[in-house]
Amino acid sequence: MKKHIKKIAVIGSGIMGSGIACHFANIGVEVLLLDIVPNELNEKEKSQGLTLESKSVRNRIVNNSLVASLKSKPSPIYKQVFSSRISTGNLEDDIAKIATVDWIIEVVVERLDIKQKVFELIEKHRTPGTIISSNTSGIPIQFMNKGRSDDFQAHFAVTHFFNPPRYLKLFEVVPGPDCKLEVVDFLMSYGERFLGKTAVLAKDTPAFIGNRIGIFGIMSLFHIVKELNLTIEEVDKLTGPVIGRPKSATFRTVDVVGLDTLVHVADGLYKNCPNDEAHNLFELPEFVKKLMENNWLGNKTKQGFYKKEVDDKGKKQILALNLDTYEYSIAKKIKFASLEKTKTIANVIDRFTILIKGKDKAGEFYRKTFAALFAYSANRIPEISDELFRIDDAMKAGFGWEHGPFQIWDAIGVEKGIELIKNEGLTLNSWVEEMLISGTKSFYTVSEDVENYYDIPSKSNSKKPGQDSFIILNHIRETKTIWSNKEAAIQHLGDGILNIEFQSKMNTIGGGVLQAINKAIDLAEEEYEAVILGNQAANFSVGANLAIVFLLAVEQEYDELNMSTKMFQDTVMRLRYSSVPTLITPRGMSFGGACEMSMHVDKVIAAAETYTGLVEFGVGIIPAGGGTKEMTLRASEAFLKDDVKLNRLRDRFINIAMAKVATSAHEAFDLGFYQEGKDLVVVNGNRQIATAKRYALQMLEDGYTQPTPKKIKVLGQQVLGMFRVGTDSLEKGLYASEHDKKIANKLGYIMAGGDLSEPSYVSEQYLLDLEREAILSLLGERKTLERIQFMLKTGKPLRN
């Protein structure tokens, strides 16, 4: 099905509707957002003399909803200017406009009667062949499209986004009984390629895949809490990052989502799945009923399983609920012996075998919860999905799990998982043991760099679909690595393209990473063709290894600090001036040194969800890996007229001095970290490395030429005075401390090119030397060391 989506209509402007509208606007699609007309005036409208016929009144609901969405945090939009792609209207005056759209998405309240009325209205005005989809979280399609035309039903499906639509990657596609196969294929492809989602084909069953498994997991855990006499702090410690789940873990997540939302889905499953073997687990435990009675729903009611308070000294503190007394007390820090044994295991997937062997309460918890999860997931095939990988994909994309149920099961061993299930007295679908009997010992295998899954109907391994568009480092690491050290590895991606994968903790940049970059460039210049800096961790890199910097500074090893800073600078300059194309694929957090590297390569292929910036000011230093130099250079290149020179430079100065971080890759262009016409944003982060390889080959095909060194125009004393006046006023106004002022003055000195008497052209090395001089002097300051130490301890900046 060849179809171009230029414009869509979203019916319903609530949190989900506005969020979906914003995400389509993010990718460049024009959006018509419609909602109902108010049936009465509010007090403000009355005071303004408006009537129910006034346009502002008739569009009040949709406009207020969109404005609220755009103001929400985290933002649903990559850049506020993208919201101009959304036009608003109402279902009476503007419904005829849907005749011009390519796709209509219904996102109204979860009531069948209202949805049916909306679909009846849509049918009157839509153009035949237009795709219609519903964002319902569980109303059966056969009821929603009952009575609709054949063409309507042939183009109707559920497209279930998870909230917030920009950030959660799950996109469940549930075709109606008469939906054309080409429509389903189109929606799956569009979700992956354009919306940046993990598109999961689901069946029209209660809660589909993600919520069916996810809510089971939470409800099962709720019932185990009392059995094992666990506190909510203990559960959240056990179900968070240690097993590859979000920091919000279980109870904090319920507080964020809202207990009422969870209860709504759980009640639906209890009513609509009477034959489910875990039916009783969807019945609400007493403590959940109590919280519902008290209206302790979480963040929306200011208290739930947790509550924030300010103590007598004005310090914020987090209180946790006691599930026996229903009283709050200061949340406790939790330790378990089983967890201590995993502290040295960096890869989450390698921790599970340790955790299930624990002899403490944590070990018992994991044995029980994993047994329940494994059995329930296996038993839902083929009810909710014919393929096991779709369940794993749904849980990873919808609930932020690093590994899905069958991947965890593989990690501890299929036979061991069966043993856990039997020990808990749970029933298990026969296909799992039949798989073992057939000789297949795991749910997934990797063969010739391709991931295969166990296909239940054929009782054989099949290639997981959708891999051809991706380069998956997990699949090629063993066979394609040509060089490695403790912090990084170099893989040959084929066609002469090398990839450097950071493998240090949090992908910090230390000597090992710099060594790998230089080695890769050496190899590429000698016998390969191009170099990509790419990894597929959640965060590309948090920057330089501050712990090493701190240690050297405390020991006053200034020669070593000078040498390591010089090595970093030399490395980024090699990225710029090597004889081969260099590319980088930032994603998630890409701070400090990682941002500096992005500013020096030939091309950035950034994931849309990239949060990048020169954040060194937060720890009392300046960007000294070429970042300050590069911001000065870019300001210099942007000098158009004398009257804007100072403004250009001032803006770049402020971005560094305020440690500004782009909240999306698109914002990074505005802040000067990425460059229009050179760098690229991709919505689906899974495609980054494959896209980078494609562009590297194209650069080679086009005849890549080694860049020539640049001269930078600096303004000297002309701008130095402006910087110093500014820092003086900030200190006097108590907006900056004395130490802030000192750092800012050193930054200004570099960006001015020193105290030159007149504007001059200087080399990049001249500014790099000034960077190095500044950072070495700052690392000799006690207040700088206090800031670094505080950051290492708390992960937060200190103002002193």
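Structure report, in brief. Throughout this document, residue positions are counted from 1 along each chain, in the order its sequence is written. Confidence filtering applies because this is a predicted model: local features only for residues at pLDDT of at least 70, side-chain atom pairs given and counted only at 80 or more, and all residues used for totals across whole chains, interfaces and linings. The side-chain values count all of the structure's non-hydrogen atoms but skip hydrogen atoms and water molecules.

**Observations regarding unusual backbone geometry**
The omega torsion of the bond from lysine 73 to proline 74 falls at -5 degrees, within 30 degrees of zero and hence cis. Here a strand is any run of E in DSSP of at least two residues, a helix any run of H or I of at least four, and the numbering for each starts at the N terminus. Take proline 74: it is sitting in the loop between α4 (60-71) and β3 (86-90). Cis rather than trans, the peptide bond between isoleucine 381 and proline 382 has omega equal to 10 degrees. Summarising the element assignment, proline 382 is placed in the loop between α16 (361-379) and α17 (388-399). Not every positive phi belongs to a glycine, and asparagine 295 is a case in point at roughly 60 degrees. Relative to the helices and strands, asparagine 295 resides in the loop between α13 (286-294) and β9 (306-310). You can call asparagine 295 partly exposed: its relative accessible area is 43%. Unusually for a residue other than glycine, glutamate 448 sits at a positive phi of about 55 degrees. When you line up the elements, glutamate 448 lands in the loop between β12 (444-447) and β13 (450-455). Relative accessibility thresholds used throughout: buried, under 20% of the residue-type maximum; exposed, over 50%; partly exposed, between the two (1.4 Å probe, protein chains only).

**Quick look at the sheet that holds β9**
The strands that make up a sheet pair up through hydrogen bonds in the backbone, lying either parallel or antiparallel. DSSP-based pairing: two strands are paired if at least 2 bridges between them are found. Read across the open sheet, the three strands follow the order β9-β10-β11; overall the sheet is antiparallel. Strands at the two margins of the open sheet, each flanked by one partner only, are β9 and β11 (328-330). Neighbour to neighbour, the strand axes of the sheet diverge by 40 degrees on average, direction disregarded. Relative to strand β10 (residues 316-321), β9 runs antiparallel, the two sharing five bridges. Looking across to β10, one finds that valine 310 is bridged to lysine 316. Only the contacting stretch of a helix is used when fitting its axis, a line to C-alpha atoms as for every element, and angles between N-to-C directions run 0 to 180 degrees.

**Topic: the pairing of strand β21 (residues 603-607)**
A large share of β21 lies buried, amounting to five of its five residues. Across the two faces of β21 the burial is the same, with Lys603, Ile605 and Ala607 and Val604 and Ala606 all buried. The sheet contact formed by strand β19 (residues 582-584) and β21 spans two bridges and is parallel. The partner of isoleucine 584 across the bridge, within β21, is valine 604.

**A word on the sheet that holds strand β18 (residues 530-533)**
Read across the open sheet, the seven strands follow the order β15-β16-β17-β18-β19-β21-β23; overall the sheet is mixed. Taken across any chain shown, the strands that pair with only one partner, and hence form the sheet edges, are β15 (481-484) and β23 (680-682). Put simply, the sheet's adjacent strands are angled 20 degrees from each other on average, direction ignored. As paired elements, strand β16 (residues 488-492) and strand β17 (residues 497-502) share five bridges and run antiparallel to each other. Following the sheet pairing, histidine 492 is matched in β17 by leucine 498.

**Quick notes on helix α29 (residues 688-701)**
Here, expected helix span is obtained from the residue count minus one, scaled by 1.5 Å. End to end, α29 covers 20 Å across 14 residues, agreeing with the expected 20 Å (1.5 Å per residue, within 8%). Along α29, the residues classified as buried are Gln688, Ile689, Ala690, Thr691, Ala692, Lys693, Ala696 and Met699. The contact definition used throughout considers only heavy atoms, calling two residues in contact when any of these lie within 4.5 Å. Those residues of α29 that are buried lie in contact with α21 (473-480), β17, β18, β19, β21 and β23. Phi turns positive one or two residues past the end of α29, at glycine 703, with a value near 90 degrees.

**Some remarks on helix α23 (residues 546-554)**
Within α23, the full set of buried residues consists of Val549, Phe550, Leu552 and Ala553. For α23, the angular spread of the buried residues around the axis is 165 degrees, confining them to a single face. Contacts from the buried residues of α23 go to α24 (558-577) and α33 (782-794). Residues adjacent in sequence count toward polar contacts only when both atoms are side-chain atoms; beyond that, a polar contact is any pair of N or O atoms within 3.5 Å, and within protein one must be able to donate a hydrogen and the other to accept it. Regarding α23, its N-cap is asparagine 545, as a side-chain oxygen of that residue lies 3.2 Å from the backbone nitrogen of alanine 547 further along. Glutamine 556 occupies a position one or two residues after α23 and carries a positive phi of about 55 degrees. Directions are taken from the helix axis to each C-beta atom, and the arc is the one they span.

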